[in-house]
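Structure at a glance
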Amino acid sequence: MNLSSSSTSPEEEAQLLEQLRQVLLSEDREELEAIRAMLEDEAQLSEKVSPIIRQHLAFLKENFREEYGIIIEEIVSKKLSESQDEIVNMIFPKLNTIIKKFITAQFQILKEGIDTQIKTVQNRFSPKNLFSRFFGPSDSDIVLSQLDNPEVHEVYLVQRESGLLLGSYAKEKNTDQDVIAGMLTAIKSFAEDAFNRGKEDLEMIQYENYKIFLHNLPSYYFAVAMTGSISTSEKENLSNKLITFAQENVPFDIANVNSTLTNRISTALAKYFAHFNIQE
Amino acid sequence: MLSKKVILTGSFGVGKTSLFERFINNKFENKYLTTIGVKVGKKLVNTPNGDLSMMIWDIAGEVAQNKVPTSYFLGTSGIIYIFDVSRPSTYGNLVEDLAYLKSINKLTTIKVVGNKKDLVTEAELKTLQEKISLPVNLFTSAKTGENVEKLFLDFATEMVG
Ligand SMILES: Nc1nc2c(ncn2[C@@H]2O[C@H](COP(=O)(O)OP(=O)(O)OP(=O)(O)O)[C@@H](O)[C@H]2O)c(=O)[nH]1
Ligand SMILES: [Mg+2]
């Protein structure tokens, strides 16, 4: 190579320069090629880049609140304040029932807890047991029972298949009792048919703050409309009372339902339930 | 006084609720509000054989009777099967439906009633009666009230007697 020769033409010079470049830069070029190949090949690229992205994602996951929390909070609270009226209108009607239901349910839980406590206390010989024997129930018991005292409002005895009323008792006079008996039977039949094809009996219907307990016997059933919370032991008391009533007052086989029969059963029901204390 | 359960059944829109309302409250509504579930009503009926407290179940119409929950028919003293004389599809299943109803409650009396009599002429009624192989017990109109009282009163008399 004769670079210094002044006799070379410009073309030759360019060629020579190129040759020189190749010699000097061949290593760099190879590296460049490799990088280009890596960039163009997705699999290779992702192998390199993924760990970095993953790391960033992990960081975001950990630190999202600090990094973006404020922005999102701002958006949400802005949206909320813009649609405040809408939300209030939506929630308000529901709230009332939800609160009522919640309180009732809480009382139920509370009462059941107290029930079991009393039971364990009474099984032992304890100062508290003695105390309550002499001084009656504790203040808290009284307060509780007055707040959400279970109360029997109406009792119906209904022939199972026909839905005909066999007798009834109501605290306040109610003229539509045979219609109610029919409707209850229809609801009961519908629910039993739809949900378990008659294998199991419907045991309770809840309507607003009323609970209607259904106690089923082979050819008739009792429906007891109550308010308040009823503990398991109180429910048991009620069931026992109903069974005793049936044994003493209801004929085993009823072919025809007539007013002589229903009047007799209603009178007996009133005697049983006018002063019925479910806690005893 | 005796109490008995009677059930009104048939396809939808034939006028079960209208007959129920006409008989119990002497009212008629032109608007069609389909029945959901069951409505139970009561009417005291004085018959030559004695008084009866009729508990009437007005149920949701079904195109075929085997779609009605079976338990509705239990303990029923009478079934009134209603069709609409102006809509042939409502008596197309009459034979199968009646056979089905008899099979699930053998002791019950079944009445077949063609309602909306006011929508057809006497001649059309005759042709219809000939077309249907089974006898129709009564043609009624809940709208004009024609034969509604008679339908329930005759049935009540039979049930008490
Ligand atoms: N012209 C006329 N219209 C009637 C008569 N009876 C009922 N209708 C009308 O027919 C429509 C249906 O009547 P409904 O009594 O609701 O029928 P339904 O059998 O109870 O229907 P579902 O409850 O859906 O099974 C209503 O628009 C009534 O006004 C009648 O005798 N004559
Ligand atoms: Mg209807």
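Residues numbered from 1 in each chain as written. Chains lettered and ligands numbered in written order. Predicted model: local features only at pLDDT ≥ 70, side-chain atom pairs only at ≥ 80, totals over all residues. Heavy atoms only, no water.

**Some details on the interface of chain A and chain B**
Each partner contributes to the interface: chain A provides 16 residues, whereas chain B provides 19 residues. Carbon and sulfur atoms make up 59% of the area that chain A and chain B hide from each other, which totals about 1500 Å². If you sort the residues of chain A by the area they bury against chain B, Glu161, Leu164 and Asp178 of chain A come out on top, with a joint share of 29%. Counting every contact that joins chain A to chain B gives one salt bridge. The partner of Asp178 of chain A in a salt bridge is Lys42 of chain B, and the shortest N-O contact between them spans 3.0 Å. Here chain A and chain B share five residue pairs in polar contact (both at pLDDT 80 or more) between them. Of all elements in the fold, only helix H6 (177-196) and strand S6 (257-258) of chain A reach the threshold of two or more residues within the side of chain A that touches chain B. In terms of residue count, the dominant contributor to the side of chain A that touches chain B is H6 of chain A (nine residues). Its residues assigned to classes, the side of chain A that touches chain B shows six nonpolar, seven polar and three charged. Two strands pair when backbone bridges link them, and S6 of chain A and strand S1 (residues 2-10) of chain B are joined in this way by two bridges, in the antiparallel orientation. Counted as the bridge partner of Asn258 of chain A is Leu2 of chain B from S1 of chain B. (Contact = heavy atoms within 4.5 Å. Buried area = accessible area lost by both parts, 1.4 Å probe. Salt bridge = Lys/Arg side-chain N within 4 Å of Asp/Glu carboxyl O. Polar contact = N/O pair within 3.5 Å; in protein donor to acceptor, adjacent residues only side chain to side chain. Helix = DSSP H or I, 4+ residues; strand = E, 2+ residues; numbered from the N terminus. Nonpolar A, V, L, I, M, F, W, Y, C, P; charged D, E, K, R; others polar. Pairing = 2+ DSSP bridges.)

**Some words on the confidence of the model for chain A**
Residue and element names in this part refer to chain A. Of all residues in chain A, 74% attain a pLDDT of 70 or more, and the chain-wide mean is 77. Every residue in residues 1-5 scores below 50 in pLDDT, and together they form two contacts with partners more than four places removed in sequence or on other chains. Every residue in residues 121-140 scores below 50 in pLDDT, and together they form eight contacts with partners more than four places removed in sequence or on other chains. (pLDDT = per-residue confidence, 0-100.)

**What to know about the nonpolar core**
Within the largest apolar cluster, 55 residues are counted, with the highest numbers of intra-cluster contacts made by Phe222 and Phe273 of chain A together with Phe83 of chain B. The leading source of residues in this core is helix H8 (residues 259-273) of chain A, at six residues. Residues within four places of Phe83 of chain B in sequence aside, it is in contact with Val14, Thr90, Tyr91, Val112, Val113, Gly114, Asn115, Leu128, Ile132, Val136 and Phe139 of chain B. (Core = buried A, V, L, I, M, F, W, Y, C linked by side-chain atoms within 4.5 Å. Buried < 20%, exposed > 50% of the residue type's maximum accessible area, 1.4 Å probe, protein only.)

**Notes on the packing of helix H7 (residues 232-249) of chain A against H8 of chain A**
Residues and elements named next belong to chain A. Where H7 meets H8, the closest approach of the two axes is 11 Å, and the angle between their N-to-C directions is 145°. As H7 runs across H8, the sense of the crossing is right-handed. Contact residues: Leu238, Lys241, Leu242, Thr244, Phe245, Glu248 and Asn249 in H7; Arg264, Ile265, Ala268, Leu269, Tyr272 and Phe273 in H8. Here the residues of the contact of H7 with H8 are counted per class, giving eight nonpolar, two polar and three charged. (Axes fitted to C-alpha atoms, helices over the stretch in contact; angles between N-to-C directions. Left-handed = near helix turned anticlockwise from the far one by under 90°.)

**Comments concerning the site of ligand 1**
Residue and element names in this part refer to chain B. Neighbouring residues of ligand 1: 23 residues in total, closest Ser18, Glu29, Tyr32, Thr34 and Asp118. Between an oxygen atom of ligand 1 and a side-chain N or O atom of Tyr32, the distance comes to 2.6 Å. A distance of 2.7 Å separates a nitrogen atom of ligand 1 from a polar atom in the side chain of Asp118. In the complex, the protein chains occlude 93% of the 650 Å² of accessible area that ligand 1 would expose alone. Top contributing element to the shell around ligand 1 by residue count: helix H1 (residues 16-25), with three residues. When the residues that make up the shell around ligand 1 are grouped by side-chain class, the tally is seven nonpolar, 10 polar and six charged. (Near = heavy atom within 4 Å. Areas by Shrake-Rupley, 256 points an atom, 1.4 Å probe, with all protein chains shown as cover.)

**What to know about H8 of chain A**
Residue and element names in this part refer to chain A. End to end, H8 covers 20 Å across 15 residues, agreeing with the expected 21 Å (1.5 Å per residue, within 8%). Buried positions along H8 lie against strand S1 (151-159), strand S2 (165-170), strand S5 (220-227), H7 and S6. Between the side-chain oxygen at the start of H8 and the backbone nitrogen of Thr260 there is a gap of 3.1 Å, and the oxygen is on Asn258. (Expected span 1.5 Å × (residues − 1).)

**Quick notes on the packing of H1 of chain B against helix H4 (residues 148-160) of chain B**
Residue and element names in this part refer to chain B. For the pair H1 and H4, interaxial distance at closest approach is 9 Å and the crossing angle is 80°. One way to sum up the angle between H1 and H4 is to call them roughly perpendicular. Where H1 abuts H4, its residues Leu19, Arg22 and Phe23 lie against Val148, Glu149 and Phe152. Class assignment for the residues of the contact of H1 with H4 results in four nonpolar, no polar and two charged. (Parallel < 35°, antiparallel > 145°, perpendicular 65-115°, else oblique.)

**What about the coordination of the magnesium ion (ligand 2)?**
Residues and elements named next belong to chain B. Within the first shell, the magnesium ion (ligand 2) binds the protein through Thr17 (OG1) and Thr35 (OG1), at distances of 2.0 Å. Of this pair, Thr17 sits in helix H1 while Thr35 sits in the loop between H1 and strand S2 (38-47), and the two are 18 residues apart along the sequence. A relative accessible area of 27% places Thr17 in the partly exposed class. (Donors = N, O, S within 2.8 Å, 3.2 Å for Na, K, Ca; no water.)

**Some thoughts on the sheet that holds S2 of chain A**
All names here are of chain A. A sheet is described by the order of its strands in space; here five strands give the open sequence S2-S1-S5-S4-S3, paired in antiparallel fashion. Of all the strands in the sheet, the pair left with one neighbour each is S2 and strand S3 (204-207). Going across the sheet, the axis of each strand differs from the next one's by a mean of 15°, ignoring polarity. Pairing of S3 with strand S4 (residues 210-216), which is carried by four bridges, proceeds in the antiparallel orientation. Residue Tyr207 lies in a different strand from S4, and its bridge partner there is Tyr210. Running over the sheet, H7 touches S4 and S5 and is turned about 140° from S5. Across the sheet, H8 touches S1, S2 and S5, and the angle it forms with S2 is around 35°.

**What to know about unusual backbone geometry**
All names here are of chain B. In the Ramachandran plot, Asn26 falls in the positive-phi region, its phi being about 50° despite a non-glycine side chain. With respect to the helices and strands, Asn26 occurs in the loop between H1 and S2. The class of Asn26 is exposed, set by a relative accessible area of 57%. For Asn147, which is not glycine, the phi torsion reads 65° and is therefore positive. Following the sequence through the fold, Asn147 ends up in the loop between strand S6 (138-139) and H4. Among the residues examined, Asn147 registers a relative accessible area of 24% and is labelled partly exposed.

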